[in-house]
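# Remarks on the overall topology
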Amino acid sequence: MQLKTEEISKVIRSQIKYYENTIAQNETGIILNVGDGIARASGLINCMAGELLEFEDGSFGMAQNLEENSVSIVLFGTDENIGEGQTVKRTGKVVSVPVGDAMIGRVVNALGQPIDGAGPIATTEYRPVESTAPGICERQSVFEPLQTGIKAIDSMIPIGRGQRELIIGDRQTGKTTLATDTIINQKGKNVICIYVAIGQKRSTVANLVENLKANGAMDYTIVVAATASEASPLQYLAPYSGCAMGEYFMYKGKHVLCIYDDLSKHAVAYRALSLLIRRPPGREAYPGDVFYLHSRLLERAAKLDEAHGGGSLTALPVIETQAGDVSAYIPTNVISITDGQIFLETELFHSGVMPAVNPGISVSRVGGNAQIKAMKKVAGTLKLLYSQYRELQAFAQFGSDLDADTKARLAQGARIVEVLKQSQNSPVPVEKQVAIIYAVTKNILMDVAVEDVKTYEEGLYKFIDTDVDGAAAMQAIRDTGKLEADTEEKLAAALKRYTEDFLALHQAK
């Protein structure tokens, strides 16, 4: 076969015409050593902090320490197939997670990959796990209530949309139960919930997901799980991933509730990671930036102003204390970042007071701004009455001859404690909370025996929906959020009728 010179020159001309003088830059580095889930590589000169890097086996890692001659990379998975001398490639992207409506109802890992066996997630949008918190000018003050459905919290330690309220207490005091009850209570309230499980047992997370499904709460919830068996980098990344998923909805003008369970384990994971990459340890061997670790996460919770869509991200971080010591390093750090704390006490829990909220050292720095006016009106004196009861109770143990006023206060306090007790997965609508708290603060329950208070309360909720005055009062509180004089009259009349019927029935027994 003979080539013609015209054809050759034609091919050369076309090649010259379409030639692009660009250099494809694909920066790679060489792994110096690997072990304990950390790899050190040289040659990644332009690598960014927090950049996603790809290894030869297709696994990924994140650049953490940018040193003079090397980069320390934390691995998102096992280091079995990664060895010295292999190449590592820059992706040019910071670590990001998938976001969007398709995430709702799914259980994902810290990288946003599905782990619930329900197939891939159909979303094309991604958001960096680390992003700047909204500025001062983009925010507005917290004023909308986020109802938890838990009487002790909605009445005394109210939470508002855009607030950061810490749940703190020893292990096995009901912290996770309180958080899941809050998620269940958001049903029909147009709030998207994100539950981040950090360093928990897989069985615990599986039970929690089943509980949420059983109560119909997975329809508006995303569960991000970095369990105890997963690498420290994934446990470190999980809350930021959950927050990024929530921010997507917040900037779309929606309301989001983010629960980080728990930040004590998050700090421990970060400590392990920091020590492995040879960062200098500080107090309790935590690295120097452990405060910034949590402050940059919790500052991303905000209530945006109307110019920025009016969305909100409410954060409920959880901290586990040792023997009730709230003055330890991590608890004090997180207390100083948040807008209040709900303290759960072991003694209360063991004495049968559930939720075991101690109103003495629990506080919401947003306060009455995050309550409807009706609740603010009836619960204004509740915390004071409860605290006085706790104080008198301590003294009453030593003296038997008490005056009538002290006896009345103790009797009322005992009924307040009974009213504030609540079973798991049984949130109470705010208007019914107003009714029962009104009854106990106005001494309507004084003739009801303490052991009958629970039965009284259960019956009241059914009666008040069928009673003419009661139903009208409930409707007025639902519609206006206020307890006007005429509404209060109707509520008082309904409570009086029900109490008389209840006492007549129980005395007859």
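Residues numbered from 1 in each chain as written. Predicted model: local features only at pLDDT ≥ 70, side-chain atom pairs only at ≥ 80, totals over all residues. Heavy atoms only, no water.

## What to know about the overall build of the protein chain
Check the secondary structure of the protein chain and you find 16 helices and 17 strands. Projecting the C-alpha coordinates of the protein chain onto the three principal axes gives extents of approximately 115 × 50 × 40 Å. Across the 509 residues of the protein chain, 51% fall into the buried class. For the protein chain, the accessible surface area stands at approximately 23600 Å², while carbon and sulfur atoms represent 52% of it. Charge-centre separation for the protein chain: the mean point of 51 positive side chains lies 3 Å from the mean point of 61 negative side chains. (Helix = DSSP H or I, 4+ residues; strand = E, 2+ residues; numbered from the N terminus. Buried < 20%, exposed > 50% of the residue type's maximum accessible area, 1.4 Å probe, protein only. Areas by Shrake-Rupley, 256 points an atom, 1.4 Å probe, with all protein chains shown as cover. Lys, Arg positive; Asp, Glu negative; His and termini not counted. Charge placed at Lys NZ, Arg CZ, Asp CG, Glu CD.)

## Quick notes on a nonpolar patch on the surface
Taken together, the side chains of I8, I12 and I16 define a hydrophobic patch exposed on the protein surface, amounting to about 290 Å² of accessible area. Relative to the assigned elements, I12 resides in helix α1 (residues 5–17). (Patch = residues over 30% accessible without salt bridge, like charges linked within 9 Å, V, L, I, M, F, W, Y side chains within 5 Å. Salt bridge = Lys/Arg side-chain N within 4 Å of Asp/Glu carboxyl O.)

## Brief notes about the packing of helix α12 (residues 404–420) against helix α13 (residues 430–441)
At a minimum axis distance of 9 Å, the contact between α12 and α13 shows a crossing angle of 165°. Between α12 and α13, the angle falls in the class roughly antiparallel. The interaxial crossing formed by α12 with α13 has right-handed handedness. Within the contact between the two elements, α12 uses Q412, R415, I416 and V419 and α13 uses I436, V440 and T441. For the contact of α12 with α13, the per-class residue count stands at 4 nonpolar, 2 polar and 1 charged. (Axes fitted to C-alpha atoms, helices over the stretch in contact; angles between N-to-C directions. Parallel < 35°, antiparallel > 145°, perpendicular 65-115°, else oblique. Left-handed = near helix turned anticlockwise from the far one by under 90°. Contact = heavy atoms within 4.5 Å. Nonpolar A, V, L, I, M, F, W, Y, C, P; charged D, E, K, R; others polar.)

## Focus on the pattern of salt bridges
By the definition in use, this model includes 22 salt bridges. The salt bridge partner of R139 is E299, with a shortest N-O separation of 3.9 Å. Taken together, the residues R139 in the loop between β9 (126–128) and α2 (151–156) and E299 in the loop between α7 (290–298) and β14 (302–303) connect sequence positions 160 residues apart. The shortest N-O distance in the salt bridge between R478 and E431 comes to 2.8 Å. Within this pair, whereas R478 is found in helix α15 (residues 468–480), its partner E431 is found in helix α13, the two being separated by 47 residues in sequence. Judged by its relative accessible area of 44%, R478 is partly exposed.

## What to know about the packing of helix α6 (residues 263–276) against α7
Their axes nearest at 10 Å, the elements α6 and α7 cross at an angle of 130°. Between α6 and α7, the angle is such that the two are oblique. As for how α6 packs across α7, the hand of that crossing is right-handed. Of the residues in α7, those touching α6 at L263, H266, A267 and Y270 are V290, L293, H294, L297 and L298.

## Quick look at unusual backbone geometry
Looking along the chain, the bond that leaves D261 and enters D262 is cis, with omega of -5°. Locating D262 in the fold gives a position in the loop between β13 (255–261) and α6. One non-glycine residue, A323, adopts positive backbone phi at about 55°. Secondary-structure assignment places A323 in the loop between β15 (312–320) and α8 (329–337).

## Quick look at the nonpolar core
If you look at the biggest cluster of nonpolar residues, it comprises 77 residues, and the most contacted ones within it are I183, I342, Y456 and L491. Looking at which element gives the most residues to this core, the answer is α13, with 8 residues. M62, A226, I277 and V290 belong to the second largest nonpolar core, which has 58 residues in total. (Core = buried A, V, L, I, M, F, W, Y, C linked by side-chain atoms within 4.5 Å.)

## Thoughts on the sheet that holds strand β1 (residues 28–35)
Strand order around the closed barrel formed by 6 strands is β1-β2-β5-β4-β3-β6, with antiparallel pairing between neighbours. When the angles between neighbouring strand axes are averaged without regard to direction, this sheet yields 45°. (Pairing = 2+ DSSP bridges.)

## With respect to α12
Taking 1.5 Å of rise per residue, the 17 residues of α12 would be expected to cover 24 Å, and the 24 Å separating its terminal C-alpha atoms lies within 8% of that figure. When we look at burial in α12, the residues that qualify are T406, L410, Q412, G413, A414, R415, I416, V417, E418, V419 and L420. Structurally, α12 contributes buried residues whose contacts are with α2, α11 (382–396), α13 and α14 (453–466). (Expected span 1.5 Å × (residues − 1).)

## Concerning the packing of aromatic side chains
Enumeration according to the criterion identifies 8 aromatic pairs in this entry. When the centroid spacing of 6.0 Å and the interplanar angle of 40° are considered together, the rings of Y498 and F502 count as tilted. Highlighted residues: Y498 and F502, both in helix α16 (residues 485–508), separated by 4 residues, approximately one helical turn. Considered together, Y498 and F502 belong to a single accessibility category, that of buried residues. When the ring centre of Y292 is taken as origin, the NZ or CZ atom of R296, which lies over that ring, is 4.9 Å away. (Phe/Tyr/Trp six-rings, centres within 6.5 Å; stacked < 30°, edge-to-face > 60°. Lys NZ or Arg CZ within 6 Å of the ring centre and 35° of its normal.)

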